[in-house]
2 protein chains.
Amino acid sequence: MRISGLAAATGVPVATLKYYLREGLVPPGAATSRTQADYDDTHVGRVRLVRALTESAGLSLAAVRDVLAALDDPPTSRHDLLGAAHHALVAAEGDRAAGAGTDLSRRRARELVAERGWCDDLLLVDRLAEQLDAADAAGVEVSDDYLRELAAAADQIGTADLGTVRPDPVSALRQVVLGTLLTDPVLLTLRRMAQVRASRETGGV
Amino acid sequence: MRISGLAAATGVPVATLKYYLREGLVPPGAATSRTQADYDDTHVGRVRLVRALTESAGLSLAAVRDVLAALDDPPTSRHDLLGAAHHALVAAEGDRAAGAGTDLSRRRARELVAERGWCDDLLLVDRLAEQLDAADAAGVEVSDDYLRELAAAADQIGTADLGTVRPDPVSALRQVVLGTLLTDPVLLTLRRMAQVRASRETGGV
């Protein structure tokens, strides 16, 4: 198909497609003339993926590039794979939070991690500490008990997440990286639905 | 304090502060001369809030304006309040997802809501449907069972969230709107920590 066909198949405007091509996010089509190229279903799939990562998962183009690189060159063993997937995922989100939090928040984050028997992943501990500081700066109190309740729910989610991962490396990587990024918004919407339910029960709404 | 003092107190550059002032996100200081104004602690608090909503919660400036309007003019009864808070929260996020999803995804979303005894909130059902479609378009499978597991965890989170809401209307509104927006990133970080734990247990990492 021509680029107009790719636009029709994906619902992404031609100007945006040209931008993706220029940025190397979508591989070039097979040249059919000096100014035209032919695109196939692999291009349709890649465009949809880039769109989903930018629009739904809210990643920057630089982060999308990192995720695509990990997907294009997956490690061969399952052992390395989930680690690499997580690394790609967390690194791709690196631009969302750059600092490391205050000493107090870092201590709280570390204590929570130890309490739940989680890994002491430096990048994630720093990120959590910074997010706790941001809540504090906005006047939102996050008590230790409340944080524990969130962590307990997160533990259930993490177990459910890993249950979706299939044995072969390529689908496993796709599922960990894309599955997490694309179900993050789903989870936050479900949270709002549950809040309305909880609020109604306490007579609030 | 002068605007340079406000910048020092909040860590927000003077150019950004001037932008917030121009956009009406932060109220003007008391004029002390034709070109200078005096700012106080209420300005410090407001600047921190705007910063947290844009940086940590990732809201657009238009959405920040909606949230601030709800905070500045809270309903007087607790009954109206949680509803108004939720309305402000969901409306403020409106620009994140504009469509309504396919018929299939809308049916799935409705069935999940019915199964859990949640409210059939049109805006949230549409949003969930669209997010399910986005995952599907990126080749991420979200099974009914997995969606149920996420919903069960979300229900626990919703209950914990409402437990943090204090009786007086102004703090309740702040907590529902800001608390949700600012702990969304916390929840997603905890999810990643739990995934590492689950992955290690299955021998993955």
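Here the structure is a predicted model, which is why all the values come from computation and not from measurement.

### Concerning the nonpolar core
Part 1 of the argument: Membership of the largest hydrophobic core comes to 118 residues, with the highest contact counts inside it found for Leu 190 of chain A together with Leu 190 of chain B.
Part 2 of the argument: Other than its neighbours up to four places away in sequence, Leu 190 of chain B contacts Leu 112, Trp 118, Leu 128, Leu 147, Leu 150, Ala 151 and Ala 154 of chain A.

### Some points on the interface of chain A and chain B
Part 1 of the argument: Listed as interface residues are 76 residues of chain A and, on the opposing side, 76 residues of chain B.
Part 2 of the argument: Together, the buried faces of chain A and chain B total about 6900 Å²; carbon and sulfur atoms form 66% of this surface.
Part 3 of the argument: Taken together, the links from chain A to chain B amount to eight salt bridges.
Part 4 of the argument: Ionic pairing is found between Arg 191 of chain A and Asp 184 of chain B, a salt bridge with its closest N-O pair at 2.6 Å.
Part 5 of the argument: Joining chain A to chain B, the criterion identifies 25 residue pairs in polar contact (both at pLDDT 80 or more).

### Focus on the packing of helix 6 (residues 103-116) of chain B against helix 7 (residues 122-137) of chain B
All names here are of chain B.
Part 1 of the argument: Contact pair helix 6 / helix 7: the axes reach a minimum separation of 8 Å and the direction vectors enclose 125 degrees. As the angle between them shows, helix 6 and helix 7 are arranged oblique. Relative to helix 7, the crossing made by helix 6 is right-handed. Here Ser 105, Arg 106, Arg 108, Ala 109, Arg 110, Leu 112 and Val 113 of helix 6 lie close against helix 7, whose contacting residues are Leu 122, Val 125, Asp 126, Leu 128, Ala 129, Leu 132 and Asp 133.
Part 2 of the argument: Residues of the contact of helix 6 with helix 7, tallied by class, amount to eight nonpolar, one polar and five charged.

Scoring rules and cut-offs
- Residues numbered from 1 in each chain as written.
- Chains lettered and ligands numbered in written order.
- Predicted model: local features only at pLDDT ≥ 70, side-chain atom pairs only at ≥ 80, totals over all residues.
- Heavy atoms only, no water.
- Core = buried A, V, L, I, M, F, W, Y, C linked by side-chain atoms within 4.5 Å.
- Buried < 20%, exposed > 50% of the residue type's maximum accessible area, 1.4 Å probe, protein only.
- Contact = heavy atoms within 4.5 Å.
- Buried area = accessible area lost by both parts, 1.4 Å probe.
- Salt bridge = Lys/Arg side-chain N within 4 Å of Asp/Glu carboxyl O.
- Polar contact = N/O pair within 3.5 Å; in protein donor to acceptor, adjacent residues only side chain to side chain.
- Axes fitted to C-alpha atoms, helices over the stretch in contact; angles between N-to-C directions.
- Helix = DSSP H or I, 4+ residues; strand = E, 2+ residues; numbered from the N terminus.
- Parallel < 35°, antiparallel > 145°, perpendicular 65-115°, else oblique.
- Left-handed = near helix turned anticlockwise from the far one by under 90°.
- Nonpolar A, V, L, I, M, F, W, Y, C, P; charged D, E, K, R; others polar.

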